[in-house]
Amino acid sequence: GNTEVPGICLLDVGSSIGYTTIEYAKRCRMKPAGEWTGSVSTINGTKMSTYPIFMAKIKDARGHYHSAKLLGTRRIGLKKKLPDELFKKLCQDFHLSQSSLQNSDGEINILLGLDSAALLSDKHLDMSNPNYPQLFVCSSPLSSQFFFCGSIGKDLLGDDIVRTLTFKQDLVCFHTALT
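Sequence order as written defines residue numbering, which begins from 1 separately in each chain. Two thresholds apply to this predicted model, a pLDDT of at least 70 for residue-level local features and 80 or more for giving and counting side-chain atom pairs, whereas whole-chain, interface and lining totals are computed over all residues. No hydrogens and no water enter the side-chain calculation; it runs on all heavy atoms of the structure.

Engineer: Help me get a handle on the overall build of the protein, residues and values and all.
Structural biologist: We count a stretch as a helix when DSSP gives it H or I for four or more residues in a row; a strand needs E for two or more, and each element gets its number in order from the N terminus. If you tally the helices and strands in the protein, you get two helices and 13 strands. Here a residue-residue contact requires only that any non-hydrogen atoms of the pair lie within 4.5 Å. Considering only contacts in the protein between residues 6 or more positions apart, those separated by 24 or more positions represent 61%.

Quick look at the structure:
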């Protein structure tokens, strides 16, 4: 039967294409689909390289599968969870239960870019809080849970809790199908 592997996904509107770690692609038995040679521009500069291409089947929260063509890379990055005290305070301030929001940590397995735009995040402006003008409650078809996206500054919380914190758009509740 079908087996699924959970993972952490970064939703990146600044990327035109998606990536997966080579280790995760192997663990999920993603189908290789050749190689791509070209230049990739990041905040660290532009680099010419050859990348393996993998085909992923990503399951959304409704049980539907979406195909994604991903470039293989050694590492994408690390997702850190929000400190528990801060997470509890934000949940209270946004009038949301802790169980309705993601707060996970670990290695990022997949980065989805604009070529998977239908899976990227949506802001729920009706759930905003004027005390946090740059922090939003977001969702994605990939998860039944919400997540925070944006940033908060030190003037919004006591210095003993946080100075400045930026939130990556991230998800933990997705699965890839093993084929």
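Let us keep going from here.
Engineer: Describe unusual backbone geometry, with residues and values.
Structural biologist: In this structure, Arg29 is a non-glycine residue whose phi angle is positive, near 55°. Within the fold, Arg29 resides in the loop between α1 (22–27) and β3 (31–42). Each residue is assigned to one of three classes by its accessible area relative to the maximum for its type, calculated with a 1.4 Å probe on protein chains only: buried under 20%, partly exposed between the two thresholds, exposed over 50%. Given a relative accessible area of 51%, Arg29 falls into the exposed group. Of note, His95 is a non-glycine position whose phi angle comes to about 55°, a positive value. As for its placement among the helices and strands, His95 is situated in the loop between α2 (84–93) and β7 (106–107). Residue classification places His95 among the exposed residues on the basis of a relative accessible area of 72%.

Engineer: Before we move on, could you go through α2 and cite the residues and values that matter?
Structural biologist: Listing the buried residues of α2 in full gives Leu86, Phe87, Leu90 and Cys91. All buried residues of α2 fall inside an arc of 135° around its axis, so they share one side. Seen from the buried face of α2, the exposed residues on the opposite side, beyond 90 degrees, are Glu85 and Gln92. Remark: His95 follows α2 within two positions and exhibits a positive phi of approximately 55°. The arc in question is the one traced by the directions running from the helix axis out to the C-beta atoms.

Engineer: Could you give an account of the side chain of Ser15, naming the residues involved and the relevant values?
Structural biologist: If you trace the backbone, Ser15 turns up in the loop between β1 (3–11) and β2 (18–21). Polar contacts here mean pairs of N or O atoms no more than 3.5 Å apart (in protein, one a potential hydrogen donor and the other a potential acceptor; neighbouring residues in sequence count only if both atoms are side-chain atoms). Within the local environment of Ser15, its side chain forms a polar contact with the backbone oxygen of Ile17, the two atoms lying 2.6 Å apart.

Engineer: Lay out the packing of aromatic side chains with the relevant residues and their values.
Structural biologist: Within 6.5 Å between ring centres, the rings of Phe, Tyr and Trp (the latter by its six-membered ring) count as paired, and their orientation is classed by plane angle as stacked under 30 degrees, edge-to-face over 60, tilted in between. Per the counting criterion, the structure on display carries four aromatic pairs. Among the aromatic residues, ring-to-ring pairing joins Tyr19, Trp36 and Tyr51 into one connected group. Consider the ring centre and the ring normal. A charge sits over the ring if Lys NZ or Arg CZ is within 6 Å of that centre and within 35 degrees of that normal. Lying over the aromatic face of Phe136, Lys123 brings its terminal NZ or CZ to 4.3 Å of the ring centre.

Engineer: Quick rundown of the nonpolar core? Include the residues and the values.
Structural biologist: As used in this record, nonpolar core signifies buried Ala, Val, Leu, Ile, Met, Phe, Trp, Tyr and Cys residues forming a set joined through side-chain atoms within 4.5 Å. Ranked by internal contacts, the top residues of the largest apolar core, which has 21 residues, are Leu11, Met30, Ile58, Leu70, Ile110, Leu112 and Leu142. Core analysis: the second largest hydrophobic core is formed by 13 residues, Phe87, Leu90, Leu101 and Val137 among them.

Engineer: Break down the pattern of salt bridges for me, citing the residues and quoting the values.
Structural biologist: Salt bridges are defined by distance alone: a side-chain nitrogen of Lys or Arg within 4 Å of a carboxyl oxygen of Asp or Glu. Under the definition given, this model contains five salt bridges. Of the charged contacts, one joins Arg27 and Glu23 as a salt bridge, the two residues approaching to 3.0 Å between their closest N and O atoms. Linking Arg27 with Glu23, this pair stays in helix α1, spanning four residues, or about one helical turn. With a relative accessible area of 40%, Arg27 lands in the partly exposed category. The residue Asp93 makes a salt bridge to Lys89 at a minimum N-O spacing of 3.1 Å. Separated by four residues within a single helix, Asp93 and Lys89 lie in helix α2, roughly one turn from each other.

Engineer: Give me the confidence of the model for the protein: which residues, what numbers.
Structural biologist: Scored from 0 to 100, pLDDT reflects the predictor's confidence in each residue. Averaged over every residue, the pLDDT of the protein is 84; residues scoring 70 or more account for 84%. Scored below 50 in pLDDT, residues 167–175 shows 56 contacts in the model against residues more than four places distant or in partner chains.

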